[in-house]
Amino acid sequence: MDIVLYCLAIVIAAVITGLLGYFMVPFLHKIKFGQTIREVGPSWHKNKQGTPTMGGIMFIIGSSVAAVICIAFLWLNGGAETQLMLVKVTAGALMAVGFGIVGFLDDYISIKKHRNLGLTEIQKLILQFIIVGAYLLSVALAGGTTETVIPFLGSVDLGFFYYILAAVFIVGMVNAVNFTDGIDGLNTSVTLVVTLVFSVIAMLLNRVGLSLYAAAIVGAMIGFLFWNANPAKVFMGDTGSLFLGGAVCALAFGVDMPILLILIGIIYIVEILSVVLQVTYFKITHGKRIFKMAPIHHHFEMCGWNENKICFVFSGVTLLAGIIGVLLAVFGC
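Residues numbered from 1 in each chain as written. Predicted model: local features only at pLDDT ≥ 70, side-chain atom pairs only at ≥ 80, totals over all residues. Heavy atoms only, no water.

## So, the overall build of the chain
No. 1: The helix and strand inventory of the chain stands at 12 helices and 2 strands.
No. 2: Walking the chain from its N terminus toward its C terminus, one meets helices and strands in the order α-α-α-α-β-β-α-α-α-α-α-α-α-α.
No. 3: Since a compact globule built from 333 residues should have a radius of gyration of about 20 Å, the 19 Å found for the chain is in line with a globular shape.
No. 4: Considering only C-alpha atoms, the chain reaches an extent of 55 × 45 × 35 Å along its principal axes.
No. 5: The contacts of the chain with a sequence gap of at least 6 include a subset with a gap of at least 24, amounting to 77%.
No. 6: Of the roughly 14900 Å² of accessible surface on the chain, a fraction of 73% belongs to carbon and sulfur atoms.
No. 7: Averaging the positions of the 17 positive and the 15 negative side-chain charges in the chain gives two centres separated by 12 Å. (Helix = DSSP H or I, 4+ residues; strand = E, 2+ residues; numbered from the N terminus. Rg over C-alpha atoms; globule rule 2.2 N^0.38 Å. Contact = heavy atoms within 4.5 Å. Areas by Shrake-Rupley, 256 points an atom, 1.4 Å probe, with all protein chains shown as cover. Lys, Arg positive; Asp, Glu negative; His and termini not counted. Charge placed at Lys NZ, Arg CZ, Asp CG, Glu CD.)

As structure tokens, this is what we get:
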């Protein structure tokens, strides 16, 4: 039954997300919600100017509907998971939607002002920490502990520092996922693999509700890739990328092994580190650069890689890291 629900979550999310594109893409065109391309980006990206953005709404709806249907069916038919796990899944999903709303505000403001800047960095950080605080509080009130599982070390109780580290980690990772959204299909394909890996881990750890939520994200990415693969007919925008950041964090904390996201989400880490290193080195050396352009996917573009090759290689690296992550989750604990 669990496998049937798992497959059903993927199919429902993929179908809803894919079908929504037939309505959303023309609608976003009609209301002129097009992407403003950065002046400092690759010159050939200028032909993407005006491509509809905020397409993340499609997979937010698709994944949410699929998850609600399948998880509700699980619980109504005697799902054996604890009340705490239900709260972790629900609160995690709401956290992801909350980040999506922040992204929506950012996209909406940038579109209305006809620039590539929406909310200020301070505004985004304040809203993001409020969302994370609500998530951590809800889990704590439901009986969640301050322990985290580290492969080969077992459960480690971090005490009060758990909340500080968790908040900084989630906000940092969410923004790392946001940086990964820069070329057609990249964030979609990488996150498809990341959520697939976490769905397997959750299933092996018998956290069925969480695996169903992960499966819903997997299906939604499949449905969205139909519209987002090169050449993209729609971009996910911050609406989608911030939602995905929240979703992968919810999955990592749901299996009580957020540290695994550093490995499984290695592309996210490399993307944000490339920006930090580039900016820091630029300031220290007064104009010199480490990469031809940051984030690092643009560096590979400048080196002659096409967008499809970058998506394939980055997703392949994620898959290899994910396989190691699954082995650590199963045999290292």
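Moving on from the coordinates now.
## Concerning the pattern of salt bridges
No. 1: Throughout the structure, instances matching the rule amount to 4 salt bridges.
No. 2: Salt-bridge contacts for Lys 124 lead to Asp 106; the nearest nitrogen and oxygen are separated by 3.6 Å. With Lys 124 in helix 4 (residues 121-141) and Asp 106 in helix 3 (residues 83-112), the pair connects residues that are 18 residues apart, well separated along the chain.
No. 3: Taking the relative accessible area as the measure of exposure, Lys 124 reaches 11% and is therefore buried.
No. 4: The partner of Asp 256 in a salt bridge is Arg 207, with the nearest N and O atoms 2.9 Å apart. Here Arg 207 lies in the loop between helix 6 (186-204) and helix 7 (208-228) and Asp 256 lies in the loop between helix 8 (237-254) and helix 9 (260-264), a separation of 49 residues in the sequence. (Salt bridge = Lys/Arg side-chain N within 4 Å of Asp/Glu carboxyl O. Buried < 20%, exposed > 50% of the residue type's maximum accessible area, 1.4 Å probe, protein only.)

## Topic: the environment of Val 11
No. 1: Along the polypeptide, Val 11 turns up in helix 1 (residues 2-30).
No. 2: Of the residues examined, Val 11 reaches a relative accessible area of 47% and is grouped as partly exposed.
No. 3: Measuring from C-alpha to C-alpha, the distance between Val 11 and Ala 216 comes to 8.1 Å, with 205 residues separating the pair along the chain.

## A few points about helix 10 (residues 266-284)
No. 1: Here helix 10 is 19 residues long and its end C-alpha atoms lie 26 Å apart, about the 27 Å a rise of 1.5 Å per residue gives.
No. 2: Inspection of helix 10 places Ile 267, Tyr 268, Ile 269, Glu 271, Ile 272, Ser 274, Val 275 and Gln 278 among the buried residues, and these make up the whole buried set.
No. 3: Next to the buried residues of helix 10 lie helix 5 (161-179), helix 6, helix 8, helix 9, helix 11 (296-302) and helix 12 (307-331).
No. 4: Of the residues trailing helix 10, His 286 is marked for its positive phi of about 60°. (Expected span 1.5 Å × (residues − 1).)

## Quick word on the nonpolar core
No. 1: If you look at the biggest cluster of nonpolar residues, it comprises 94 residues, and the most contacted ones within it are Phe 59, Ile 170, Phe 198, Ile 201 and Tyr 213.
No. 2: Among the elements that line this core, the one with the most residues is helix 7, at 13 residues.
No. 3: Residues within four places of Phe 59 in sequence aside, it is in contact with Thr 17, Ser 64, Ala 220, Met 221, Phe 224, Met 236, Gly 240, Phe 243 and Leu 244. (Core = buried A, V, L, I, M, F, W, Y, C linked by side-chain atoms within 4.5 Å.)

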